Amino acid sequence: MNFKKIVASMLVILGFSSYAWMEKTKNQNENSSNSKDSNTIHNATPISSGVPLSQEVVYGGSETGSRRVDTVTSSTPQAPASKKVSIVGSVTNTRSTVGTSSSYKDGTYTGDSVDVYYGNIQVQAIIRSGKIADVSFLSYPSDRQRSLAIANRAMPVLSQEAITIQGSQVDAVSGATATSSGFRQSLASALVKAK
Amino acid sequence: MKDSRIVMGMPVTVEVVDIQTSMSDIDSVFDYFKYVNDVFSVHKHDSEISCINRGEITPQSWSADMKEIFALAEDTRRVTGGYFDALRPDGLYDPSGIVKGWAIERAKKLLQARGLKHFCIEAGGDIALSGSNSSGAKWIVGIRNPFKLETIMKTIYGTDCGVATSGNYLRGNHVYNPKTKKHASEEVVSVTVIGPNVYEADRFATAAYAMGREGISFIEKMNGFEGYMIDNKGIATFTSGFEQYTYIK
């Protein structure tokens, strides 16, 4: 997958999270900045996994980004999400992670149209000064009430995040039947180029 | 003390931190893997498994290890609802899906029997962790980024557990779904499983990968296991207890 695709995927997730956030604001008339504590909704046993789990959404985004984007979830273990907000009946359990180190190219980018079971979602993101300035919706499903009911029952209750590249200070690497002997060498040379 | 060699057709790294470690400790692990390869490799003409597949030896005369592997393969087939099956579509037996994890776990016990406590054994991306690393902290394991193999995209911290990844991004699409007799879903790129030991982690990673998208829900239901699944869109889906392994404490 090339970088553009990864960015596009992230933006779709980002945009989708923002959409869910707006829904929450609309439905609960509650400002997200008040929701300091994790407010997790426990669902009825979902059909797909058979295990009752908590459902939560953590919004990813850049610190200086749109107000609609709540916070940055860095995937480094030292920096857990500063703020978590949960959505009643969110359609996916989307934990968006946006690497704070990545700098995007300025411009307007349209994400893929994503099938979310009950319709399609497509977002457009505007990047200024290497950061996400705004995310808007080109399309989203209209039959929201019905969608919620379907989504509550059909979606697996697991967390998700967009993958990001992390540092190489590790003792061992887990991968599918991997050639890890060349891993450190190759990574070291790549990091030299990245400087 | 640390060494990497190619054994069982894959790179194997053994690192032992205990101060009394000798080279013979390290050698013992590589020698053991060589023995396992000689017995279980379907690519070796004179291996025991090849002899079995040619019908040259009866079950009564199988080695104790072969009997154990067949029993474990049957157990794994049962607990995974048929998603693991050592019997291939061509009618030949290939237990390699559990042999690697089993061999690493055996090697771990071998080092423990030598009085060693702090070590990491990695074979082809599957890892047994014991005690602490050379800094006296938890072992740090990176999960390979399937889209950029020279990078890692998740760091986890563990001690006395096993980590294994099943996927299709190296060596072609090497896991097939025994139920449909087809290759596992290409939508799921890799599944990493953390379990009580590497044998358990490996066999359930293999089965979960074969299940496609449902695999991660299967891991969620298993007590003592956590999973991290990556799809072809670069989105990771992970189990409810996975995050505890992403903290260094």
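Here the structure is shown first, and the text comes after it.
Reading the values: the criteria
- Residues numbered from 1 in each chain as written.
- Chains lettered and ligands numbered in written order.
- Predicted model: local features only at pLDDT ≥ 70, side-chain atom pairs only at ≥ 80, totals over all residues.
- Heavy atoms only, no water.
- Helix = DSSP H or I, 4+ residues; strand = E, 2+ residues; numbered from the N terminus.
- Buried < 20%, exposed > 50% of the residue type's maximum accessible area, 1.4 Å probe, protein only.
- Areas by Shrake-Rupley, 256 points an atom, 1.4 Å probe, with all protein chains shown as cover.
- Phe/Tyr/Trp six-rings, centres within 6.5 Å; stacked < 30°, edge-to-face > 60°.
- Contact = heavy atoms within 4.5 Å.

**Here we look at the overall build of chain A**
In terms of helices and strands, chain A carries three helices and eight strands. Going residue by residue from the N terminus, the α and β elements of chain A occur as α-β-β-β-β-β-β-α-β-β-α. Counting the 195 residues in chain A, one finds 48% classified as buried. In the structure as shown, chain A presents an accessible area of about 9800 Å², 50% of it carried by carbon and sulfur atoms.

**Some thoughts on the packing of aromatic side chains**
All names here are of chain B. Evaluation of the coordinates by the stated rule reveals nine aromatic pairs over all chains. Ring centres 5.1 Å apart and planes at 80° place the aromatic pair F204 and F225 in the edge-to-face group. With F204 in helix α5 (residues 198-210) and F225 in the loop between α6 (215-221) and β11 (226-231), the pair connects residues that are 21 residues apart, well separated along the chain. Judged by its relative accessible area of 3%, F204 falls in the buried class. Exposure remark for F225: the relative accessible area of 6% places this residue in the buried category.

**Points about the environment of I194 of chain B**
All names here are of chain B. Tracing the chain through its elements places I194 in strand β10 (residues 188-195). C-alpha of I194 to C-alpha of G227: the two residues are 33 residues apart in sequence and 6.3 Å apart in space. Excluding residues within four positions of it along the chain, I194 makes contact with I156, C161, G162, V163, A201, G224, F225, E226, F242 and Y245.

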